[in-house]
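Chain by chain, the residues run as shown.
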Amino acid sequence: MPHRRTRPSSQTGSPGAAFDLAAFPEIVRVYSDQASAAVEIQRTARSATELDVLAVRGLRLLALRDSLLRPHLDRDGDEPPRLRVLLLAPDSPALIRRAAEIGESPESLSGGVRLAEARLRELAEIGHVEVYRYRTLPVWRVIRLDKTLYVSAFDTDWEGHESATYKVLATSYGPLYRGWRRMFDAMVDDAERVI
């Protein structure tokens, strides 16, 4: 019989019990948008050994020279982090739908994805980079830096960087970090690798 991990005794309760969020310190901070979290994300990225990114096109995260994470990937001779990136497939029906949601042409949005892929190919020359295309409607925007996640959402009204951004830490009993990590890994398994 497999061993089941249990919550610390201070966290246990009867079935159906509710706990204060402070008892489950998995979400440790909420930012109004990605810009509010940028300094902390960059500080964490400087020393991270693993980075996972789930985005639509990733231009503001990785592809442009002044993107949020790009400056922290070349470590001046030190070992660069392992980077896995999931981008929306430029030929998918989900991209056409997302383009309509944000008032952009499918050609422009798919061009942005292709530009991001070209720029990520450049990064592959200095380190371990894997880039995948997924084909489902974007819901979550995820940045994982080792055991810290920064999560926001896409909606019909806003882009991922405009959404509130949650900082989520890995804990021994918390479902959110594990759930988003498992979702990311499952999407990688189902995606087309392009780099």
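Let us look at the structure shown here. (Residues numbered from 1 in each chain as written. Predicted model: local features only at pLDDT ≥ 70, side-chain atom pairs only at ≥ 80, totals over all residues. Heavy atoms only, no water.)

1. Notes on the packing of aromatic side chains
Here is step 1 of the chain: In this structure the tally under the stated criterion is one aromatic pair.
Here is step 2 of the chain: Ring centres of Trp140 and Trp180 lie 5.2 Å apart, and the angle between their planes is 75°; on these two criteria the pair is classed as edge-to-face. Taken together, the positions of Trp140 in strand β5 (residues 140-145) and Trp180 in helix α5 (residues 175-190) put the pair 40 residues apart, joining distant regions of the chain.
Here is step 3 of the chain: For Trp140, a relative accessible area of 33% corresponds to the partly exposed category. (Phe/Tyr/Trp six-rings, centres within 6.5 Å; stacked < 30°, edge-to-face > 60°. Helix = DSSP H or I, 4+ residues; strand = E, 2+ residues; numbered from the N terminus. Buried < 20%, exposed > 50% of the residue type's maximum accessible area, 1.4 Å probe, protein only.)

2. Brief notes about empty space enclosed by the protein
Rolled over the atoms, a probe with the dimensions of a water molecule shows which regions are left empty.
Here is step 1 of the chain: Overall, the coordinates contain two cavities of 30 Å³ or more when judged by the stated rule.
Here is step 2 of the chain: A volume near 60 Å³ is recorded for the largest cavity.
Here is step 3 of the chain: Leu73, Pro80, Pro81, Leu83, Leu123, Ile126, Gly127, His128 and Val129 together form the lining of the largest cavity.
Here is step 4 of the chain: Partitioned by chemical class, the residues of the lining of the largest cavity number seven nonpolar, two polar and no charged. (1 Å grid on protein atoms, 1.4 Å probe; cavity = no way out; pocket = protein on both sides within 12 Å on 5 of 7 lines; lining within 4 Å. Points joined across faces, edges and corners; volume = space filled by probe spheres on them. Nonpolar A, V, L, I, M, F, W, Y, C, P; charged D, E, K, R; others polar.)

3. Brief notes about the pattern of salt bridges
Here is step 1 of the chain: Applying the stated rule across the entire model yields 17 salt bridges.
Here is step 2 of the chain: A salt bridge links Arg84 to Asp52, with the nearest nitrogen and oxygen atoms 2.8 Å apart. Of this pair, Arg84 sits in strand β3 (residues 82-88) while Asp52 sits in strand β2 (residues 50-54), and the two are 32 residues apart along the sequence.
Here is step 3 of the chain: Its relative accessible area of 9% is what places Arg84 among the buried residues.
Here is step 4 of the chain: Overall, the relative accessible area of 1% leaves Asp52 in the buried class.
Here is step 5 of the chain: Arg70 is the salt-bridge partner of Glu122, the closest N and O atoms lying 3.2 Å from each other. (Salt bridge = Lys/Arg side-chain N within 4 Å of Asp/Glu carboxyl O.)

4. What to know about the nonpolar core
Here is step 1 of the chain: Ranked by internal contacts, the top residues of the largest apolar core, which has 50 residues, are Leu62, Leu69, Leu83, Leu86, Leu120 and Leu145.
Here is step 2 of the chain: In this structure Leu145 touches Ile41, Thr44, Ala45, Ala48, Glu50, Leu51, Leu69 and Tyr150, once residues within four positions along its chain are discounted. (Core = buried A, V, L, I, M, F, W, Y, C linked by side-chain atoms within 4.5 Å. Contact = heavy atoms within 4.5 Å.)

5. Some details on the layout of surface pockets
Here is step 1 of the chain: Looking at the largest pocket, its volume works out to about 190 Å³.
Here is step 2 of the chain: Around the largest pocket sit 11 residues that line it, and Arg57, Arg60, Arg141, Glu159 and His161 are the ones nearest its centre.

6. With respect to a nonpolar patch on the surface
Here is step 1 of the chain: Together, Ile27, Val30, Tyr166 and Leu176 make up an exposed nonpolar region whose accessible area comes to about 310 Å².
Here is step 2 of the chain: Structurally, Ile27 is set in strand β1 (residues 27-31).
Here is step 3 of the chain: The class for Ile27 is partly exposed, based on a relative accessible area of 36%. (Patch = residues over 30% accessible without salt bridge, like charges linked within 9 Å, V, L, I, M, F, W, Y side chains within 5 Å. Areas by Shrake-Rupley, 256 points an atom, 1.4 Å probe, with all protein chains shown as cover.)

7. Considering helix α1 (residues 34-45)
Structural remark: α-helix, 3.6 residues per turn; residues separated by three or four positions point the same way.
Here is step 1 of the chain: The terminal C-alpha atoms of α1, which comprises 12 residues, lie only 14 Å apart, well short of the 16 Å expected from a rise of 1.5 Å per residue.
Here is step 2 of the chain: Contacts made by the buried residues of α1 are with β1, α2 (59-63), β5, β6 (148-153) and β7 (165-169).
Here is step 3 of the chain: Where α1 starts, the residue carrying a side-chain oxygen 3.3 Å from the main-chain nitrogen of Ala35 turns out to be Asp33. (Expected span 1.5 Å × (residues − 1). Polar contact = N/O pair within 3.5 Å; in protein donor to acceptor, adjacent residues only side chain to side chain.)

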